[in-house]
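# Analysis of the macromolecular model
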Amino acid sequence: MTSFEIALSGIAILIVLLAFRVPVAVAMITVGVGGYVSITGWAPLLNYVKTAAYWRFANYDLSIIPMFLLMSQFASRAGLSSALFNSANTFLGHRRGGVAMAAIGGCAGFGAICGSSLATAATMAQVALPELKRFRYSNALATGALAAGGTLGILIPPSIVLVIYSIAVEANIVTMFQAALVPGILAALGYIVTVSLYVRLNPGAGPVGQRADRRRRIRALGETWPVVVIFALVIGGIYFGVFTPTEGAAVGALGTFLIAVWRGGLTLHGFIDCVVAASVSTAMIFLILLGAEFFSVFLALSRMPADLVAIIGGSGLSPMVVLLLIVVIYLALGMVMDSLAMILLTVPIFWPIVAGLDFGMPTDDLKMWFGIIALIVVEIGLITPPVGLNVFVINSAAKGTRLKETFVGVMPFLASDLVRVGLLIAFPAITLFIPHLLK
Amino acid sequence: MSDTGADIPRPTDPVGRVLFTLAYLLVLVGGAIMSAVTVMTVVSVLGRWLFLSPVYGDFELAAVGTAVSVFLFLPYCHLQRGNVVVDLFLSRAPPRANALLDAISGVLLGVIGGVLAWRMYLGGADMLRYGEVTHIVGFPIWYAFPFAVASGALLAACCLYTSVVDLRKVVS
């Protein structure tokens, strides 16, 4: 077998293992090790694994992951979700569909201090679902808006998947976070527009809520100041180079911890729960990172990505067609796979292909542009059947709503996602504008 | 992702209880190290702003601390079934079939944990013998390896345990 064939068989075995419910990290390590051995023999591998795991984990840039996870945990217990939702509701509630718009606004605000979609969806559901029920919103619109709104947790910086992508393609985390800002805001606006179109077609789905006068609006907005302070401190500090992203994450974790103690009444027991929950997520992510290390070393040894680049380069396909094919593959994979595992699994193959094509922009810009597109497309997987994790989280929180209703309710938001991906592909400036401005 | 905090029930048999307690202790130690790294990083930022003196070698200490705590987190993550799987074809398969597949995955991860423990024991010994230290503060790197080896070994034991539990479900 040539090494190209070994790599292809490795990918085939990986797919079989994944289909048989082998955890993603375990499947990647198994195939990576198997491929490594079949190319170089046992001795180099045994030598490599003496320290490979240590060097993978002992990385300053990666320390950001447990810190952001801690920050998300504390943020969920800081009692900020109701302040965010109420404030958005005083501005939007009197419109038709306004309470659902407010839920999305609350998700966007929460996403600004939380890097995880599931945590954003679950936390906002607790405060928004009872209100949506009170104003007799249809089950489909109520749960669909929240499931889609949850994905803003990852799009709006800080974002854990974006950190993973930056490390996988060796991009600058700071500029990646800058690039995500406008697409993130665009996503929130797109969802709000979607709600307003939805209720125009189904006026019964989203009745009008309460109107609030200006005094109440200002007071409700004032209640959200801890979110504003933390976001300005962490993301502002990272954007303007006051501190490194890891330092920003540490400041954010400590800041949300203090607010959770002060406003959320966090106890020692609650603190330990936060740390343990963050630890389980950290272990899961780092084990996949280790799997990705073995898998990509194997792929690099096989020189398969380079061969693939040559094949695609020689095929005469236009760069845009290749990019659209990658987007389609991501959409398909996203239906069954976790977004983070997907990024780590595919980037060692897809990034060299994209980097080898001429999109008329420098490599650093390409990393940002492709990264944001990939991020959005893999996040769409969180709300598509059959395995949309956000849909499951919201659906289990909404008693009496059938899963099918939630999946139906999420479809208009899915359409808005696809429109946005199209816009970002057609106009790279949307993504690159802020990083260029701040350079 | 497992950050929704859905706990699985704790094991009630003696072996399971011992393994669970050990894994939980490691998580607490790792969590304490991670929290300390976070506080140190903030202190370093404040020190740099206020007194123009960050914590000496903060980047290196954060990296070593992260590595040690991640190793310590691994066994508990497995016991919580925290590792993500792709749920496509088999989500509606009979529970016995899934239990068998989980048992096989457990064996694979157990072998990975065992081999890592064995090789990292030798890797740590090399680090000690050659006196490898971090560049700036000269922190001896081998200090991290006993934690890593212990975690790998406990991970292997936990995997063995969960595989046996899963196999019992298959035959019962």
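Rules used throughout
Residues numbered from 1 in each chain as written. Chains lettered and ligands numbered in written order. Predicted model: local features only at pLDDT ≥ 70, side-chain atom pairs only at ≥ 80, totals over all residues. Heavy atoms only, no water. Helix = DSSP H or I, 4+ residues; strand = E, 2+ residues; numbered from the N terminus. Rg over C-alpha atoms; globule rule 2.2 N^0.38 Å. Buried < 20%, exposed > 50% of the residue type's maximum accessible area, 1.4 Å probe, protein only. Contact = heavy atoms within 4.5 Å. Areas by Shrake-Rupley, 256 points an atom, 1.4 Å probe, with all protein chains shown as cover. Lys, Arg positive; Asp, Glu negative; His and termini not counted. Charge placed at Lys NZ, Arg CZ, Asp CG, Glu CD. Salt bridge = Lys/Arg side-chain N within 4 Å of Asp/Glu carboxyl O. Patch = residues over 30% accessible without salt bridge, like charges linked within 9 Å, V, L, I, M, F, W, Y side chains within 5 Å. Axes fitted to C-alpha atoms, helices over the stretch in contact; angles between N-to-C directions. Parallel < 35°, antiparallel > 145°, perpendicular 65-115°, else oblique. Left-handed = near helix turned anticlockwise from the far one by under 90°. Nonpolar A, V, L, I, M, F, W, Y, C, P; charged D, E, K, R; others polar.

### Some thoughts on the overall build of chain A
Scanning chain A from terminus to terminus reveals 23 helices and zero strands. The C-alpha radius of gyration computed for chain A amounts to 22 Å, which stays within 12% of the reference 22 Å derived for 439 residues, consistent with globular compactness. In terms of overall dimensions, chain A has a C-alpha envelope of 70 × 50 × 45 Å along the principal axes. Per-residue burial over chain A gives 62% buried out of 439 residues. Of the contacts formed within chain A by residues at least 6 apart in sequence, a portion of 80% connects residues at least 24 apart. Summing over all exposed atoms, chain A offers an accessible surface of approximately 15900 Å²; the carbon and sulfur share of this is 67%. Taking the 24 positively charged and 17 negatively charged side chains of chain A as two groups, their mean positions are separated by 17 Å.

### Details of the pattern of salt bridges
Inspection of the entire model under this criterion finds ten salt bridges over all chains. One salt bridge connects B:Asp166 with B:Arg81, and the closest N-O pair in it is separated by 3.3 Å. Separated by 85 residues along the polypeptide, B:Asp166 in helix H4 (residues 144-171) and B:Arg81 in the loop between helix H2 (58-79) and helix H3 (95-129) bring together distant segments of the chain. Among the salt bridges present, the one from B:Asp166 reaches B:Lys169, with a minimum N-O distance of 3.6 Å. Pair noted here: B:Asp166 and B:Lys169 are both in helix H4, with a separation of three residues, about one helical turn. Residues joined by salt bridges that share partners form a network here, namely A:Lys50, B:Asp126 and B:Arg129.

### Some thoughts on a nonpolar patch on the surface
There is a patch of nonpolar side chains on the surface, built from A:Phe240, A:Val242, B:Leu46, B:Trp49, B:Leu50 and B:Phe51 and spanning about 690 Å² of accessible area. Relative to the assigned elements, B:Trp49 resides in helix H1 (residues 14-51). Taking relative accessible area as the criterion, B:Trp49 reaches 45% and is therefore assigned partly exposed.

### Considerations on the packing of helix H7 (residues 98-111) of chain A against helix H8 (residues 117-134) of chain A
Residues and elements named next belong to chain A. Look at H7 against H8: their axes get within 10 Å of each other, and the N-to-C directions meet at 155°. On the basis of their axis angle, the class for H7 and H8 is roughly antiparallel. As for how H7 packs across H8, the hand of that crossing is right-handed. Two secondary-structure elements touch here, H7 through Val99, Ala100, Ala103, Gly106, Cys107, Phe110 and Gly111 and H8 through Ala119, Thr120, Thr123, Met124, Ala128, Glu131 and Leu132. Of the residues that constitute the contact of H7 with H8, the class distribution is nine nonpolar, four polar and one charged.

### Concerning the packing of helix H21 (residues 389-397) of chain A against helix H22 (residues 403-426) of chain A
Residue and element names in this part refer to chain A. Contact geometry of H21 with H22 gives a least axis separation of 10 Å together with a crossing angle of 130°. With respect to H22, the element H21 is oriented oblique. Crossing of H21 over H22 shows right-handed handedness. Contacts between H21 and H22 involve Val391, Phe392 and Asn395 from the former and Leu403, Thr406, Phe407 and Val410 from the latter.

Remember, this is a structural readout, not a statement about activity or role.
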